[in-house]
Protein chains: 2
Amino acid sequence: MSNSDDKNYVASAPVAPPAMDVEGQTPTPETASGFGVSAITRRWKREDFLKRGSLALRGVALLFSLIAFITMASNKHGDWKDFDKYEEFRYVLAIAVLSTLYTGGQALRHVHEISTSKQLLQPRTSALLDFFGDQIVAYLLISAASAAVPMTNRMREGADNIFTDSCAASISMEFLAFTALALSALISGYKLTTQSQI
Amino acid sequence: MSNSDDKNYVASAPVAPPAMDVEGQTPTPETASGFGVSAITRRWKREDFLKRGSLALRGVALLFSLIAFITMASNKHGDWKDFDKYEEFRYVLAIAVLSTLYTGGQALRHVHEISTSKQLLQPRTSALLDFFGDQIVAYLLISAASAAVPMTNRMREGADNIFTDSCAASISMEFLAFTALALSALISGYKLTTQSQI
């Protein structure tokens, strides 16, 4: 008799204590263990996908910023065809350098973290740095690219030569880098808010 | 003997089944009920604060966009001092109009929703619209403001008159509207991700 009681006890152990069910929000353990595990694996998969996605976007942004930087820095052809005679082209160069350094540093850090599975920074600091860094550099890139467009348009109305073409190429690369970083900022923002929920 | 067994069973019932405790993330029921209520009231307070904050930021952005729009649209003083002879100033005007319409519409919708406590759109659609709208209009505002800065600088080197001053004022107002909308986009992004977690 006491044996069968023990059996009952073991069988009924995983039933939910009713105190836990607050306005039907908290799942009962039966659903919780099923829901919890699938939710956790789903979350891991999503986080892994997002991590790779944001690394890829930063890589793309690094590539485009580097091209923008090289194109603009080598854009000196004498007389009026020197990029450093125009403040908008100097701004484009400065932001391209900044964006190259930022995306390069971030990509290196994330590659290092993925390959060694070791965090260099606290997860919270890292998420904050990612989001605000991406967002600020994205704003700077679109600002620099937009600033240089009107001057380039005006020059190309008069003359279409290697100087104006290089300017246009550099500006386009900054727009592409901006697109990649804006998407990366979306992902970082998502990571930041989901993390603050834990 | 069987009676004391029952007692033991009752006493041990509210203890959490160990299967639920996944890496110490899931709270035990005792902490869950207390934590749940305070977390929910805290969340309500925070959401109320964020709703008012984002409405205030949109109001500020509306004000600044409207001033930018009026300043630029009335900036015609004959000869070379007409804003519509320069593509960057036309761009500033176009984006100021767009931003005025967008922030005005959003502010009206949110005021209507707060005063009648009735949602015009699905919460998810509304959060998506808020976030993407704010972010895109913020990018457009910084782009337009940046595009017009170099030309204004160049004109002010030569002559400092009512035309260049109005241009500078309009550009500054767009920068301020950008700041407000960028902050509003942060709040909307936060709302969007916390909502998708429910």
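As the structure is a computational prediction, the values presented were derived from the model and not from experiment. (Residues numbered from 1 in each chain as written. Chains lettered and ligands numbered in written order. Predicted model: local features only at pLDDT ≥ 70, side-chain atom pairs only at ≥ 80, totals over all residues. Heavy atoms only, no water.)

S.K.: Give a detailed account of the overall build of chain A, specifying residues and quantitative values.
M.R.: What chain A contains, in helices and strands, is five helices and zero strands. Scored against the burial criterion, the 198 residues of chain A give a buried share of 41%. Considering only contacts in chain A between residues 6 or more positions apart, those separated by 24 or more positions represent 74%. Summing over all exposed atoms, chain A offers an accessible surface of approximately 10500 Å²; the carbon and sulfur share of this is 66%. (Helix = DSSP H or I, 4+ residues; strand = E, 2+ residues; numbered from the N terminus. Buried < 20%, exposed > 50% of the residue type's maximum accessible area, 1.4 Å probe, protein only. Contact = heavy atoms within 4.5 Å. Areas by Shrake-Rupley, 256 points an atom, 1.4 Å probe, with all protein chains shown as cover.)

S.K.: Explain the pattern of salt bridges residue by residue, including any values.
M.R.: Evaluation of the coordinates by the stated rule reveals 20 salt bridges over all chains. One salt-bridge network, held together by shared partners, links A:Arg58, A:Arg109, A:Glu113, A:Asp130 and A:Asp134. (Salt bridge = Lys/Arg side-chain N within 4 Å of Asp/Glu carboxyl O.)

S.K.: Can you explain the side chain of A:Asp134? Please cite residues and give values.
M.R.: All names here are of chain A. Note on placement: aspartate 134 falls in helix α4 (residues 123-158). Using a relative accessible area of 0% as the deciding quantity, one classes aspartate 134 as buried. One polar contact links aspartate 134 to tyrosine 102, side chain to side chain, over a distance of 2.6 Å. Engagement of the side chain of aspartate 134 in a polar contact is seen with the side chain of serine 184, the distance being 2.7 Å. Filtering out sequence-adjacent residues up to four positions away, aspartate 134 remains in contact with Arg58, Tyr102, Leu129, Leu181, Ser184, Ala185 and Ser188. (Polar contact = N/O pair within 3.5 Å; in protein donor to acceptor, adjacent residues only side chain to side chain.)

S.K.: Lay out the packing of helix α3 (residues 87-116) of chain B against helix α4 (residues 123-158) of chain B with the relevant residues and their values.
M.R.: Residues and elements named next belong to chain B. Interhelical geometry of α3 versus α4 gives an angle of 155 degrees and a closest axis separation of 9 Å. The orientation of α3 with respect to α4, classified from their angle, is roughly antiparallel. In this structure, α3 crosses over α4, and the sense of that crossing is left-handed. Classifying every residue of the contact of α3 with α4 gives 15 nonpolar, seven polar and four charged. (Axes fitted to C-alpha atoms, helices over the stretch in contact; angles between N-to-C directions. Parallel < 35°, antiparallel > 145°, perpendicular 65-115°, else oblique. Left-handed = near helix turned anticlockwise from the far one by under 90°. Nonpolar A, V, L, I, M, F, W, Y, C, P; charged D, E, K, R; others polar.)

S.K.: How would you explain the packing of aromatic side chains if you had to name every residue and give the values?
M.R.: All names here are of chain A. One pass over the structure, following the stated rule, counts 13 aromatic pairs over all chains. Judged by centre distance (5.1 Å) and plane angle (70 degrees), the ring pair of phenylalanine 131 and phenylalanine 132 falls under edge-to-face. Judged by relative accessible area, which is 9%, phenylalanine 131 ranks as buried. Exposure remark for phenylalanine 132: the relative accessible area of 37% places this residue in the partly exposed category. Members of the aromatic cluster, each reached through a chain of ring pairs, are Trp80, Tyr86, Phe89 and Phe163. (Phe/Tyr/Trp six-rings, centres within 6.5 Å; stacked < 30°, edge-to-face > 60°.)

S.K.: Requested: an account of the side chain of B:Glu113, with residues and values cited.
M.R.: All names here are of chain B. You can see glutamate 113 is positioned in helix α3. At a separation of 3.2 Å, a polar atom in the side chain of glutamate 113 contacts the main-chain amide nitrogen of leucine 120. Ignoring sequence-local partners within four residues, the contact set of glutamate 113 consists of Lys118, Gln119, Leu120 and Leu121.

S.K.: Tell me about α4(B), and name the residues and values.
M.R.: Owing to its 3.6 residues per turn, the α-helix aligns residues three or four sequence positions apart on the same side. With 36 residues, α4(B) extends 53 Å between its outermost C-alpha atoms, agreeing within 8% with the 52 Å of an ideal straight helix rising 1.5 Å per residue. At B:Val149, α4(B) shows its largest bend, some 30 degrees, and a proline, B:Pro150, comes one to four positions later. (Expected span 1.5 Å × (residues − 1). Bend = angle between axes of the 7 residues up to and from the residue.)

S.K.: Describe a nonpolar patch on the surface, with residues and values.
M.R.: A cluster of nonpolar side chains, A:Leu128, A:Phe132, A:Ile136, B:Leu183 and B:Leu186, forms an exposed patch at the surface whose accessible area comes to about 400 Å². Elements with a contribution of two residues or more to the nonpolar patch: α4 of chain A together with α5 (162-196) of chain B. Per element, the largest residue contribution to the nonpolar patch is three residues, and it comes from α4(A). Along the chain, A:Leu128 turns up in helix α4. On the accessibility criterion, A:Leu128 (31% relative accessible area) is partly exposed. (Patch = residues over 30% accessible without salt bridge, like charges linked within 9 Å, V, L, I, M, F, W, Y side chains within 5 Å.)

S.K.: Give me the environment of A:Ala127: which residues, what numbers.
M.R.: Residue and element names in this part refer to chain A. Structurally, alanine 127 is set in helix α4. In this structure the C-alpha to C-alpha distance between alanine 127 and leucine 192, which are 65 residues apart in sequence, comes to 5.3 Å. Apart from the residues within four sequence positions on either side, alanine 127 is in contact with Leu192 and Gln195.

S.K.: I'd like to hear about unusual backbone geometry, residue by residue, with values.
M.R.: A positive phi angle is found at A:Ser117, which is not glycine, with a value near 55 degrees. Of note, A:Ser117 is situated in the loop between α3 (87-116) and α4. Its identity is not glycine, yet B:Asp79 carries a phi of approximately 55 degrees, on the positive side. On the secondary structure map, B:Asp79 appears in the loop between α2 (29-73) and α3. Judged by relative accessible area, which is 61%, B:Asp79 ranks as exposed.

S.K.: Which residues make up the environment of A:Glu87, and what values go with them?
M.R.: When you line up the elements, A:Glu87 lands in helix α3. On a C-alpha basis, the gap between A:Glu87 and A:Leu183 in space is 28 Å, while along the polypeptide they are 96 residues apart. Residues in contact with A:Glu87, not counting those within four places in the same chain, are B:Pro150, B:Asn153 and B:Arg154.

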